[in-house]
Amino acid sequence: MWFLHRPDAANVWKNDAVCNRYSRYKGILDGTKIPRYLIAKKLVVNISFEEPLEKLWLAHEQASKEFIELLRKIDSEEILLNELSSPEKSFLDLKEKIACKILESCHFCERRCGVNRAQGKIGFCRLGKDSYISSAFAHTGEESVLVPSGTIFFTGCTFTCVFCQNSDISQEWGDVIDNKVSEGVKVTSKQVALMAEKLWKDGVRNINFVGGDPTPNLHTIISALKQFERNITILWNSNMYQSLEATKLLLELMDFWLPDFKFWENDFAKQMSGVNNYREIITRNIKLAYAEGSGEILIRHLIMPGRVEQDTFPILDWCAKDIPKAMINLMDQYRPEYLVRRTPNIYRSINQRISTIEWQKATEKADALDLLWKPVS
Ligand code: SF4
């Protein structure tokens, strides 16, 4: 029984502040609200899917506006979802079509490799057309508001974090030999939908798409949602380095956002995770999720040793100012892993855990800013 291991998960909904921040997620849990992807299935789009990508995006822009109105009517029970028929072409179908087009010149993330993954070419993330899963289970180790969480772990990642704690599935999950991924459990979108179905039957609170990173698998995820029908929260658990286009596809599908926000200084992000323009891209995407998506966000901030002033403080300042209703998981569990553990001389400054003083400084700062972090940290 998961709640015996995590009594905070059962009690967290007695906290009014948490209920207010995540009111729609709570409504889906209670059966009084409908997940966004089910609403996207009912929204009609009138466009030939043979049109070029630019025209598909114009239709998407229009459908996004109509989605907001439909969501409002469904939330206020002005319209009942089951009174709507399933259109020949839905907003979700359009999103799937656009995702397949993006795959032909991949720009799911801001690396923008531009390779034709639809034809089996492999991108930086080591993925071609197919998706691979390392595990799918009811996770009891996620934050109190999420457990048990129906985690579906995709292999592959758009980052190369030198301290990665999941390098077996993000960086080293299979070798690319002769332009083919040699290992991993290949899955179809139908199989992903069946995994979600099994997790739903197991009583999870949400379907949690994670990795590695889920971004390179967006085409598979959207297609899986087309084949899944349950009234359950859909959650994006990501480094949030997806492209603007991918973010737009996600906005009307994700009920809950679980983004990492690790670094403030771009030079450090480049050194640690091998990515450019980290801060600008992550803040852009989180702000969009906050303003134009569900707005129900739980930021994961991993406190790094020696980085409280440079990264933790400005990140918390930004959260307080730009996304004040988000909750923050202040994470003290950094430990030297992967390349840091293997070559400690190169990464001396982060080859240690954070100190008690660093933890104290971070929590005092969060309290001074009146951030809500304790129920989920
Ligand atoms: S998901 Fe990102 S890293 Fe992977 S191929 Fe596409 S653009 Fe490249």
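For the structure itself, consult the block above.
About the criteria used
- Residues numbered from 1 in each chain as written.
- Predicted model: local features only at pLDDT ≥ 70, side-chain atom pairs only at ≥ 80, totals over all residues.
- Helix = DSSP H or I, 4+ residues; strand = E, 2+ residues; numbered from the N terminus.
- Rg over C-alpha atoms; globule rule 2.2 N^0.38 Å.
- Buried ≥ 20, exposed ≤ 12 C-beta atoms within 10 Å, placed from the backbone.
- Contact = placed C-beta atoms within 7 Å.
- Arc of directions from axis to C-beta.
- Core = buried A, V, L, I, M, F, W, Y, C linked by C-beta atoms within 7 Å.
- Pairing = 2+ DSSP bridges.
- Axes fitted to C-alpha atoms, helices over the stretch in contact; angles between N-to-C directions.
- Left-handed = near helix turned anticlockwise from the far one by under 90°.
- Nonpolar A, V, L, I, M, F, W, Y, C, P; charged D, E, K, R; others polar.
- Near = placed C-beta within 6 Å.
- Parallel < 35°, antiparallel > 145°, perpendicular 65-115°, else oblique.
- Right-handed = clockwise from strand over helix to strand, strands pointing away.
- Expected span 1.5 Å × (residues − 1).

S.K.: Quick one: what's the story with the overall build of the protein, residue by residue and with numbers?
M.R.: Helices and strands together make up the secondary structure of the protein, namely 16 helices and 10 strands. Since a compact globule built from 377 residues should have a radius of gyration of about 21 Å, the 20 Å found for the protein is in line with a globular shape. Counting across all 377 residues of the protein, residues that qualify as buried make up 47%. Of the contacts made within the protein by residues no fewer than 6 positions apart, 73% connect residues no fewer than 24 positions apart.

S.K.: Could you give an account of helix α4 (residues 23–30), with specific residues and numbers?
M.R.: Taken together, the buried positions of α4 are occupied by Arg 24, Tyr 25 and Ile 28. Projection of α4 onto a plane perpendicular to its axis shows the buried side chains occupying an angular sector of 105 degrees, all on one side. Of the residues in α4, the exposed ones pointing more than 90 degrees away from the buried face are Ser 23 and Asp 30. Those residues of α4 hidden inside the fold are in contact with β7 (233–238) and β8 (256–259). Positive phi appears at Gly 31, one or two residues downstream of α4, with a value of about 85 degrees.

S.K.: Requested: an account of unusual backbone geometry, with residues and values cited.
M.R.: Excluding glycine, residues mostly carry a negative phi; peptide bonds, for their part, are mostly trans. Geometrically, the link from Val 147 to Pro 148 is a cis peptide bond, its omega value of -5 degrees lying close to zero. Mapped onto the elements, Pro 148 comes out in the loop between β1 (131–139) and β2 (149–154). Here the phi dihedral of Glu 77 falls at roughly 60 degrees; this positive angle occurs in a residue that is not glycine. Locating Glu 77 in the fold gives a position in the loop between α6 (53–75) and α7 (91–103). By the C-beta count within 10 Å, which is 9 here, Glu 77 ends up exposed.

S.K.: Would you mind going over the nonpolar core in detail, with residue names and values included?
M.R.: With 111 residues, the main nonpolar core has Ile 152, Leu 225 and Ile 328 as its most contacted residues. Looking at this core element by element, the count peaks at seven residues for α7. Apart from the residues lying within four places of it in its own chain, the contact partners of Leu 225 are Tyr 37, Leu 92, Ile 234 and Leu 253.

S.K.: Explain the sheet that holds β7 to me, using residue names and the numbers behind them.
M.R.: In a beta sheet, neighbouring strands pair by backbone hydrogen bonds and run either parallel or antiparallel. Strand order in the open sheet formed by six strands is β5-β1-β2-β6-β7-β8, and the pairing between neighbours is mixed. With one partner strand each, in any of the chains shown, β5 (185–187) and β8 form the two edges of the open sheet. Neighbour-to-neighbour, the strand axes of this sheet turn through a mean angle of 35 degrees, independent of strand direction. Judged from the four bridges that link them, β7 and β8 form a sheet pairing that is parallel. Residue pairing across strands places Trp 236 opposite Trp 257, the latter belonging to β8.

S.K.: An account of the packing of α6 against α7 is requested, with residue identities and associated values reported.
M.R.: Contact geometry for α6 and α7: axes closest at 10 Å, N-to-C directions at 145 degrees. In this structure, α6 crosses over α7, and the sense of that crossing is left-handed. Counting all contacts with α6, which are made through Leu 53, Leu 56, Trp 57, Ala 59, His 60, Ala 63 and Phe 67, the residues of α7 involved are Phe 91, Leu 94, Lys 97, Ile 98 and Lys 101. Its residues assigned to classes, the contact of α6 with α7 comprises nine nonpolar, one polar and two charged.

S.K.: How would you summarise the site of the ligand if you had to cite specific residues and measurements?
M.R.: Inspection of the region around the ligand gives 16 residues, with Cys 106, Cys 109, Cys 113, Gly 123 and Cys 125 positioned closest. Its residues assigned to classes, the shell around the ligand comprises nine nonpolar, four polar and three charged.

S.K.: I'd like to hear about the pairing of β1, residue by residue, with values.
M.R.: Taken together, the three bridges between β1 and β5 define a ladder with antiparallel strand orientation. Among the inter-strand pairings, Ser 131 is bridged to a residue of β5, identified as Val 187.

S.K.: Give a detailed account of the packing of helix α9 (residues 189–201) against helix α10 (residues 218–226), specifying residues and quantitative values.
M.R.: Interhelical geometry of α9 versus α10 gives an angle of 60 degrees and a closest axis separation of 8 Å. Taken together, the axes of α9 and α10 lie oblique to each other. α10 is crossed by α9, and the crossing has right-handed handedness. Taking contact as the criterion, the partners of Ser 189, Val 192, Ala 193 and Ala 196 in α9 are, on α10, Thr 220, Ser 223 and Ala 224. Along the lines of polarity and charge, the residues of the contact of α9 with α10 split into four nonpolar, three polar and no charged.

S.K.: Before we move on, can you summarise the pairing of β7 with the specific residues and values?
M.R.: Burial analysis of β7 places six of its six residues in the buried class, the great majority of the element. Burial of the side chains of β7 extends over both faces: Thr 233, Leu 235 and Asn 237 are buried on one face and Ile 234, Trp 236 and Ser 238 on the other. As judged from the four bridges shared by strand β6 (residues 206–210) and β7, these two strands associate in the parallel manner. Paired with Asn 208 across the bridge in β7 is Leu 235. For the handedness criterion, the β-α-β arrangement of β6, α10 and β7 is classed as right-handed.

S.K.: How would you summarise α6 if you had to cite specific residues and measurements?
M.R.: Look at α6: 32 Å from first C-alpha to last across 23 residues, which is about the 33 Å you get at 1.5 Å a residue. What α6 keeps buried is the set Leu 56, Ala 59, His 60, Ala 63 and Leu 70. Here the buried face of α6 lies against α5 (36–40), α7 and α11 (244–251).

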